[in-house]
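Descriptive structure summary
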Amino acid sequence: MEAEPFIVLSAILFTIGGVGVLTRRNAIVVFMCVELMLNACNLALVTFARVHGNLDGQVAAFFVMVVAAAEVVVGLAIIMTIFRTRRSASVDDASLLKY
Amino acid sequence: MSFEAPHIEYATLSPLLIVFGVALVGVLVEAFVPRRLRYLVQSVLALVGLVAALAATIWVATDLTVRGDGAARGSIVAEGAIAVDGPSVFVWGTLLLLSLISVLLFAERHLDGGLSAFAGQAAALPGTEAERQASTRGLEHTEVYPLMMFAVAGMMLFPASNDLLTMFVALEILSLPLYLLCGLARRRRLLSQEAALKYFMLGAFSSGFFLYGVALVYGFSGSTHLAAIAEAVNGRIGGQGLLLGGIALIAVGMLFKVGAAPFHSWTPDVYQGAPTAVTAFMAACTKIAAFGALLRLFYVAFGSAERDWTPMIWIVAILTMAVGSVFALSQTDIKRMLAYSSVAHAGFLLVGFVGLHEGGEGISSLQSVLFYLVTYGFMTVGAFAVVTLVRDAGGEANHLARWAGLGKESPLVAGIFAFFLLAMAGIPLTSGFTGKWAVFSSAAQGGAWPLVVIAVLLSVVAAFFYLRVIVLMYFSDPVGDAPAVAVPSILTTVTIAIGLAATVVLGILPGPVLDLAADAGAFIR
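This text gives an overview of the structure that appears in the document. All of these numbers come straight from a predicted model, not from anything done at the bench.

**A few points about the overall build of chain B**
Secondary structure assignment for chain B yields 20 helices and 6 strands. Relative to its length of 525 residues, chain B is compact, with a C-alpha radius of gyration of 22 Å against a globular reference of 24 Å. By principal-axis analysis of the C-alpha atoms, chain B measures approximately 70 × 55 × 40 Å. Looking at chain B as a whole, 63% of its 525 residues are labelled buried. If you take every contact in chain B between residues at least 6 apart in sequence, the share linking residues at least 24 apart comes to 80%. Total accessible area on chain B is roughly 17800 Å²; 68% of this is exposed by carbon and sulfur atoms.

Given below as structure tokens:
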């Protein structure tokens, strides 16, 4: 199996996620971009597992999914509280703490 | 095909398991114990659990087996996932001691009229009737204790993990509870929630980088075990691009947790917005855990590639010290200033880390960094504990202008705070001096003397902003009505006393703790 296309795809997905975190304003969308980055990592891990012919990478991908799920719980809780207080989920509005 | 059950060394892992167990029991207490008893049950449970874990750590420390040539002691347990060796046990002990005194700050209810520093009801919107009711009914979130215990467990697992996957999971276990704890302040809730949002967003972003680095290093070496990675790095098998990219991305994730520039921007915001008890805990313990993991990863797994990563760490160290020292000068908020000071400390620690002195003559880099972490931890918790005492009607008076003339108002509190500041500046006869001396001398012996020269110069700049606060407290007149210094209960008093005692003793008699750090020996591979 040719591994390179999959690694390139995962790098592209990771970059899209990274750029999304930096440019998007809505906290939910920013958070989705972080999830995209984690899933790009999963793709890379699974591809490398195939290349090396062992299961470490696949096992790691399962762990990453569980961690991502836990992160969603905590993250959405925090975003929800902010949204209820400010009536906005824009990350630009949360700007009391500066300098 | 038969399934072979993994072999877990429960006795060796007992400190870790006790803390995890107490955290889980804490969740059950939340569900089954009546509300009025929860505060007492939770705080006693957390204290007892931490003491038990500390006792178990001491027992494990006396029982480490010597391996190979005797430089390293300990064993690799849990099917190769966790390394319980000298440095791990040293970090565990330090973390547990600091968590113990931080838990006392969490439990403090004397400062704010019988209420804890945590939100009565996090779901009640700020400024609404529901929030006022929660306050008058004396509600409080006792979930903070189990959350803290989960964070402590993650912090203990992080520097002891011998496998990149375990390390990533530990990173998340320590981070997720901290994100929540940051958002639970009783006063200034908008700031607190904003701090939680910023910490969470940036923390999740950086852990994405860490994970992609793990994937690349796995692609390079074919394993996530640190020993197998070290072998692959040594033999230079596989693609160099994968290795260098992986090291760089993992370093981004690690340096974010450490609070090193240019990944420090969350530090001041989060330290300012979080409840001060949480800031004290987080500032001391996260840094210790993250430095433990950074040392293990770079010394054990990437040790043979040191030529590739030392230039990067040199630049990061210089940048971190400069940013921390210079930006702290212009701060007007005491917690923000201490946050920048912790950034500067991360830079000094990186100087010790990058010295790469193996020991032999003088103290080794590992020993010096471990010692510095102990000194830093105690003075940080102590200083933030003092910050909780200076209050006005709106809660803590964190603006620096409100600290003017504190020396006349309350000579004792001002004196203690001045002492902590002098320790952070590294004045002789305090632990800050011995810690700085340790990292600088080990780095100089490792050949990083240009870095040491820069570090000494920047620590002079850093001394200036500490002295500025001392001058403000003693030689300025109070503006408006002076802030009151609240009388703490025995809990905060004990925390400050322990922080103060450790800072004095480690400054005058650093020998025993330095010997302990030397006894910890090297990492096992």
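**Comments concerning the overall build of chain A**
Per the secondary structure count, chain A includes 3 helices and 0 strands. For chain A, the N- to C-terminal ordering of α and β elements is α-α-α. Here the C-alpha radius of gyration of chain A, 17 Å, is well above what a compact globule of 99 residues would show, namely 13 Å. Principal-axis analysis of the C-alpha atoms places the extent of chain A at approximately 50 × 25 × 25 Å. Residues counted as buried form 40% of the 99 residues belonging to chain A.

**Some points on unusual backbone geometry**
All names here are of chain B. Cis geometry is found at the peptide bond from A261 to P262, where omega equals 0°. A positive phi angle, close to 50°, is found at R188, a residue other than glycine. Looking at the secondary structure, you find R188 in the loop between α6 (164-182) and α7 (189-221).

**Here's the deal with the side chain of B:E140**
Residues and elements named next belong to chain B. Looking at the element boundaries, E140 is found in the loop between α4 (129-136) and α5 (144-160). Engagement of the side chain of E140 in a polar contact is seen with the side chain of S116, the distance being 2.8 Å. Leave out the neighbours within four places in its chain, and E140 touches Y39, R109, S116, A119, G120 and R186.

**Re the interface of chain A and chain B**
A common measure of how large an interface is: the accessible area buried when the components associate. Every contact between the two is made by 46 residues of chain A and, on the other side, 43 residues of chain B. Both sides together, the interface formed by chain A and chain B hides about 3700 Å², and carbon and sulfur atoms give 77% of it. It is A:F48, A:I78 and A:L97 in chain A that bury the most area against chain B; as a group they hold 19% of the surface buried on that side. Our count for the chain A to chain B interface comes out at 1 salt bridge. Counting the contacts that link chain A with chain B gives 12 residue pairs in polar contact (both at pLDDT 80 or more). Elements supplying a minimum of two residues to the side of chain A that touches chain B: α1 (4-23), α2 (27-52) and α3 (56-86) of chain A. The class makeup of the residues in the side of chain A that touches chain B is 32 nonpolar, 9 polar and 5 charged.

**Section: the packing of helix α13 (residues 334-354) of chain B against helix α14 (residues 365-387) of chain B**
All names here are of chain B. Closest axis-to-axis distance for the α13/α14 pair is 10 Å, and the angle between their directions is 175°. Taken together, the axes of α13 and α14 lie roughly antiparallel to each other. Contact with α13, carried on its side by I334, K335, L338, S342, H345, F348, L349, G352 and F353, involves S365, V369, Y372, L373, Y376, M379, A383, F384 and V387 of α14 and no other residues of that element. A class-by-class count of the residues in the contact of α13 with α14 yields 13 nonpolar, 4 polar and 1 charged.

Rules used in this analysis
- Residues numbered from 1 in each chain as written.
- Chains lettered and ligands numbered in written order.
- Predicted model: local features only at pLDDT ≥ 70, side-chain atom pairs only at ≥ 80, totals over all residues.
- Heavy atoms only, no water.
- Helix = DSSP H or I, 4+ residues; strand = E, 2+ residues; numbered from the N terminus.
- Rg over C-alpha atoms; globule rule 2.2 N^0.38 Å.
- Buried < 20%, exposed > 50% of the residue type's maximum accessible area, 1.4 Å probe, protein only.
- Contact = heavy atoms within 4.5 Å.
- Areas by Shrake-Rupley, 256 points an atom, 1.4 Å probe, with all protein chains shown as cover.
- Polar contact = N/O pair within 3.5 Å; in protein donor to acceptor, adjacent residues only side chain to side chain.
- Buried area = accessible area lost by both parts, 1.4 Å probe.
- Salt bridge = Lys/Arg side-chain N within 4 Å of Asp/Glu carboxyl O.
- Nonpolar A, V, L, I, M, F, W, Y, C, P; charged D, E, K, R; others polar.
- Axes fitted to C-alpha atoms, helices over the stretch in contact; angles between N-to-C directions.
- Parallel < 35°, antiparallel > 145°, perpendicular 65-115°, else oblique.

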